Amino acid sequence: MLKPDQGSAESKAVPERLPKKLSLDTRLALHRKRLQDSAIEAPKTKGKVVRMVGLTLEATGCHAAVGSRCLVESISGESIEAEVVGFGDGRLFLMAIGQIRGLAPGALVTPVKRTSEVAVGMSLLGRVIDGSGAVLDGGRALSLNEYMPLHGEPINPLGRSLINEPLDVGIRAINALLTIGRGQRMGLFAGSGVGKSTLLGLITRYSDADVVVVGLIGERGREVQEFIEEILGTEGMVRSIVVAAPADDSPLMRLHGAWRATAIAEYFRDLGLNVLLLMDSLTRVAQAQREIALAVGEPPVSKGYPPSVFTRLPQLVERAGNVAGAGSITAIYTVLVEGDDLMDPVADAARAILDGHICLTRRIADAGRYPAIDIEGSVSRVITRLLDPGQLALAKQFRELYSTYEHNRDLINIGAYTRGSDPRIDLAIETYPLLQSFLQQGLAEKVTYEQSFSQLQALSTSLQMAS
Ligand SMILES: Nc1ncnc2c1ncn2[C@@H]1O[C@H](COP(=O)(O)OP(=O)(O)O)[C@@H](O)[C@H]1O
Ligand SMILES: [Mg+2]
């Protein structure tokens, strides 16, 4: 997998020290330069652009496979990088990775030899890169000379090892009540502003994973900066890699961001490490895929989403997990649910392909309890494999008591419940403050897996005394 030549071309193209805020155009220019270098050895069957609709270009006269790259020459002689996204009627459908400017009819299209690979290496740790792999943090140029396929290698389903070891995420409510296993894929479902990014940041800082790869896909640029500087901080960055493809990047670049983050996680997993992959958000990945599919003429079937979105999502998610003889990728994907829209097709598909979900609700966040995890609405599908019977019993007791209160909350709040009518409800009312404070966790507070269970045990003991 070693390709020293391409590695040095890549490091040459990026200057030693980059200005802190690199514009999208500069990043793309650097990336194009790298591609141009590789175009020199490429077969020269040039085609030309015959049609352009929205972001899609149609070219005739050249051959290239879907997924491969081409350079399209603009009127000013600049090269625009594009990817083949489809074909039909003797034409190639291309989509630009960056912005399209100055393109005229008949623009030349040159397929480039370079295949879709992701440069990887240990020096990625602590760095922030974009969907094309260019450095965003203004630090030293990366010199990487190992490569992973952007789209991953399929894992033989029988080559996966079972999920039976818990991953300490440093969050009490998750560790004790929604235990996540190494290699598990979880969804983090919530509306905007409910605390998804903050929770992911805490998990990045406090989990006991060896490496954390964070994919920030389709967020606003400001949120990316906030996440890195305020939520992650230097403590969180040390063993993390952030791949950021904000909303103003092209749909292809956003999609590549998600794949790149996953490929980097695969690299560290293959080194035998326990990797945590955090993707914020899976909904934006699906939307990027939707933009591309609609642009090449695929018909929408479900709330504007074409069918390929629902085949691509599992392909992405299936890349996480355990591989026998290697490390693990535990993944948490955030999924946007606006206005409690349970019919959202992406949320629906995500629920089906993930091994559990954590829901954050606005009602709880508005009441000031963070992390705003809705214990009743959340489930980890492998919890019974991870906990011993004693731990399971503790978790079950907590859930039952909490649910009893929640189901009777309205009655209790309007004063319609008379104490003494049901001992279970009495106990729930009495202990509700304890349950709430168990679920609450401060931003600077790390609670290990062992601490989570000893605190749950202590809570259970005080419940017994109360009853
Ligand atoms: N654990 C927390 N403790 C205190 N405040 C929080 C916490 N999580 C979220 N918040 C508040 O909620 C706001 C939005 O959180 P954020 O993580 O950006 O939400 P999302 O990513 O879901 O849009 C934050 O600016 C902060 O004020
Ligand atoms: Mg966010």
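Residues numbered from 1 in each chain as written. Chains lettered and ligands numbered in written order. Predicted model: local features only at pLDDT ≥ 70, side-chain atom pairs only at ≥ 80, totals over all residues.

Caption draft 1: Examining the overall build of the chain more closely. If you tally the helices and strands in the chain, you get 15 helices and 17 strands. When the 467 residues of the chain are sorted by exposure, 46% land in the buried category. Sequence separation of at least 24 residues holds for 73% of the intrachain contacts in the chain that already meet a minimum separation of 6. (Helix = DSSP H or I, 4+ residues; strand = E, 2+ residues; numbered from the N terminus. Buried ≥ 20, exposed ≤ 12 C-beta atoms within 10 Å, placed from the backbone. Contact = placed C-beta atoms within 7 Å.)

Caption draft 2: Structural context of the nonpolar core. Ranked by internal contacts, the top residues of the largest apolar core, which has 126 residues, are L94, V213, I264, L277, Y333 and V335. With 11 residues, helix α6 (residues 251–270) is the single largest residue contributor to this core. Sequence-distant contacts of Y333, defined by excluding residues within four places in its chain, comprise G187, L188, M279, L282, V317, A350 and L354. (Core = buried A, V, L, I, M, F, W, Y, C linked by C-beta atoms within 7 Å.)

Caption draft 3: Expanded view of the site of ligand 1. Lining the immediate environment of ligand 1, one finds A190, S192, G193, V194, G195, K196, S197, T198, Y370, P371 and L443. Of the residues in the shell around ligand 1, the class split is 5 nonpolar, 5 polar and 1 charged. (Near = placed C-beta within 6 Å. Nonpolar A, V, L, I, M, F, W, Y, C, P; charged D, E, K, R; others polar.)

Caption draft 4: Up close: the pairing of strand β5 (residues 91–96). Along β5, 5 of the 6 residues are buried, which leaves the element largely enclosed by surrounding structure. Pairing geometry for strand β4 (residues 79–88) and β5, over 6 bridges, is antiparallel. Bridging across to β5, G86 finds its partner in F93. (Pairing = 2+ DSSP bridges.)

Caption draft 5: Structural detail: the sheet that holds β5. Judged by pairing direction, the barrel is antiparallel, and its 6 strands sit side by side in the order β1-β2-β5-β4-β3-β6 before closing back on the first. Averaged over all neighbouring strand pairs, the angle between strand axes comes to 45°, with direction disregarded. (Axes fitted to C-alpha atoms, helices over the stretch in contact; angles between N-to-C directions.)

Caption draft 6: A look at the environment of M237. Relative to the assigned elements, M237 resides in helix α5 (residues 221–237). Taking the number of C-beta atoms within 10 Å as the measure of exposure, M237 has 21 and is therefore buried. It is 7.9 Å that separates the C-alpha atoms of M237 and L125, two residues lying 112 residues apart in sequence.

Caption draft 7: The packing of helix α12 (residues 389–407) against helix α14 (residues 423–439), seen in detail. The contact between α12 and α14 brings their axes to 8 Å, and the two run at 105°. It follows from the interaxial angle that α12 and α14 lie roughly perpendicular. Here F398, L401, Y402, T404 and Y405 of α12 come into contact with α14, specifically with R424, I425, L427, A428, I429, T431, Y432 and L435. Along the lines of polarity and charge, the residues of the contact of α12 with α14 split into 10 nonpolar, 2 polar and 1 charged. (Parallel < 35°, antiparallel > 145°, perpendicular 65-115°, else oblique.)

Caption draft 8: Looking closely at the confidence of the model for the chain. The predicted model of the chain averages 86 in pLDDT, with 89% of residues at 70 or higher. This stretch, residues 1–19, has a pLDDT under 50; its non-local contacts, to residues over four places away or in other chains, come to 32 contacts. (pLDDT = per-residue confidence, 0-100.)

Caption draft 9: Representation of unusual backbone geometry within the structure. In this structure, the amide linkage connecting D280 to the following residue, S281, adopts the cis form with an omega of 5°. Structurally, S281 is set in the loop between β13 (274–280) and α7 (282–295). The linkage connecting Y370 with the following residue, P371, adopts the cis geometry, with an omega of -10°. Mapped onto the secondary structure, P371 falls in the loop between α10 (362–366) and β17 (379–380). Positive phi values are uncommon outside glycine, yet D89 reaches one of about 50°. Counting through the fold element by element, D89 comes out in the loop between β4 and β5. Unusually for a residue other than glycine, K303 sits at a positive phi of about 50°.

Caption draft 10: Structural view of the pairing of strand β15 (residues 328–336). Counted residue by residue, β15 has 9 buried out of 9 residues, so it is predominantly covered. Side chains S328, T330, I332, T334 and L336 of β15 all project onto a buried face; the interleaved residues I329, A331, Y333 and V335 project onto the opposite face, where all are buried too. Bridge analysis of strand β10 (residues 185–190) against β15 gives 6 bridges, and the strand direction is parallel. Across the sheet, L188 pairs through a bridge with T334, a residue of β15. Summarising the sheet, β13 and β15 pair through 6 bridges and their orientation is parallel. Its bridge partner lying in β15, N274 is registered against S328. Both strand β14 (residues 321–322) and β15 contribute to a ladder of 2 bridges, which runs antiparallel. Note on β15: the bridge partner recorded for N322 is S328. The hairpin formed by β14 and β15 contains 5 residues between the paired strands, and G325 there has a positive phi angle of roughly 85°.

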